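Close look at the chain arrangement
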Amino acid sequence: IIGGQVSDIKYEKYLMLVTTSTEVCGGSLIKPLWVITAAHCVRNVKKEDLRIYGGASNQEGPHAILRYVDLIVIRPDFNMNTLNMDVAALRLTSQMVGANVETIELASQVVPPRVLVKVSGWGSTKSGSSVAVKRVHTVWVPMWSMSSCRSIYYGIHRITRSMTCAAKPYRKDACDGDSGGPLVYNGQLAGIVSFGYGCATRLPGVYTSVPQIRNWFLNIVKEHTPSAS
Ligand code: 4AZ
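This is a predicted model, so every value here is computed, not measured.

The helix and strand tally for the protein chain stands at three helices and 15 strands. A compact globule built from 229 residues would reach a C-alpha radius of gyration of about 17 Å, and the protein chain, at 16 Å, matches this within 12%. Every one of the 229 residues in the protein chain was classed for burial, and the buried ones make up 51%. Of the roughly 10900 Å² that the protein chain leaves accessible, carbon and sulfur atoms contribute 48%. Once the 24 positive and 15 negative side-chain charges of the protein chain are each reduced to a mean point, those two points are 6 Å apart.

Structural data, given as C-alpha cells:
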C-alpha cells in the first residue's frame, strides 16, 4: 500500500493474509469457510502450501488465526496474460472465526467514478520495492470510470469489463503483495487487487470488478458446500 497509513485489523476484519513460504497476498472472508482472492496469487500453488491468517494486524502477530485450504477454485476463464477474470475461491478446512474476524458482502453494483474506496494489505509501501511489510496498511483512493481507465491504459494493457481501476496517480495505490486483497465501498467488497504498471505511477491500480464475478463465486460456494442431510 503506497501513500496510506498503518492500520489495525480490528478495522479490516474481513481482510485475510494469504501466504505460501515465498509469496504474500491478501484475501477477503466472504463466508466462514470461504475466502476470495486473485487467481494469479494461487495459480501455481498447491493447496497444502497455503496458509490463511485472520485477525492479523501484524504478519508475525501472536493473535492471528491460522487456517488451511482444502479446495482452490480458479475461475476457468482466467487468463494469466491478459489478467482477465483474476479471481479464485478458497475453501478452508475449518471455519475462520475470532474476535477480529468478520465476513464481508460481495457488492452487486459497480462503484461510481471519483468516489473514495478503501484498499488494505501487507504489500510494499514504497514503489520499486517488493518486500511485504509487517503491519497492515490502508489507503483511500478514488475510483476511475471505465472510459478514463481504458484511455490511460491504451496501448499498454486492455482493460476489460471484469476490471475496474482506482488510485491517486503518483500518490496512493496498491502495490506488490497487496494482490488478492479487498477494495471496499460502503462496507461491501467492490474489487480485488489484481495488477498495475508499477505502483503509484501515472497509471492506476487495476482490480477485478466484484459485481462481474459475484454470481460465479456464490455458485462455487453452493456447489462445494455439502448441505446437511
Ligand atoms: C502486484 O505486483 C501489484 N499498483 C499489485 C497491484 C499493483 C501493482 C502491482 C497496483 O502484485
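Examined bridge by bridge, strand β1 (residues 5-6) and strand β11 (residues 137-142) share two bridges and lie antiparallel to one another. Of the residues in β11, the one forming a bridge with Val6 is His137. Relative to β11, strand β10 (residues 116-121) runs antiparallel, the two being bridged by six bridges. Within β11, the position partnered with Lys118 by the bridge is Trp140.

Surrounding the ligand, one finds Asp173, Ala174, Cys175, Asp176, Gly177, Ser179, Val193, Phe195, Gly196, Gly198, Cys199 and Gly205. For the ligand, a nitrogen atom lies 3.1 Å from a polar atom in the backbone of Gly198. Of the residues contributing to the shell around the ligand, the split by class is five nonpolar, five polar and two charged.

Turning our attention to the state of the cysteines. Enumeration over the complete set of coordinates arrives at three disulfides. Covalent S-S linkage joins Cys149 and Cys165, the inter-sulfur distance amounting to 1.9 Å. Across the S-S bond linking Cys149 and Cys165, the dihedral sits near -70°, which makes this disulfide left-handed. Of the two residues, Cys149 is situated in helix α2 (residues 146-152) and Cys165 in strand β12 (residues 163-166); the sequence distance between them amounts to 16 residues. Here Cys175 is linked by a disulfide to Cys199, with a sulfur-sulfur distance of 2.1 Å. The S-S bond linking Cys175 to Cys199 shows a torsion near 80°; that makes this disulfide right-handed. Of this pair, Cys175 sits in the loop between β12 and β13 (182-185) while Cys199 sits in the loop between β14 (188-195) and β15 (205-209), and the two are 24 residues apart along the sequence.

So, how was this worked out
- Residues numbered from 1 in each chain as written.
- Predicted model: local features only at pLDDT ≥ 70, side-chain atom pairs only at ≥ 80, totals over all residues.
- Heavy atoms only, no water.
- Helix = DSSP H or I, 4+ residues; strand = E, 2+ residues; numbered from the N terminus.
- Rg over C-alpha atoms; globule rule 2.2 N^0.38 Å.
- Buried < 20%, exposed > 50% of the residue type's maximum accessible area, 1.4 Å probe, protein only.
- Areas by Shrake-Rupley, 256 points an atom, 1.4 Å probe, with all protein chains shown as cover.
- Lys, Arg positive; Asp, Glu negative; His and termini not counted.
- Charge placed at Lys NZ, Arg CZ, Asp CG, Glu CD.
- Pairing = 2+ DSSP bridges.
- Near = heavy atom within 4 Å.
- Polar contact = N/O pair within 3.5 Å; in protein donor to acceptor, adjacent residues only side chain to side chain.
- Nonpolar A, V, L, I, M, F, W, Y, C, P; charged D, E, K, R; others polar.
- Disulfide = S-S within 2.5 Å.

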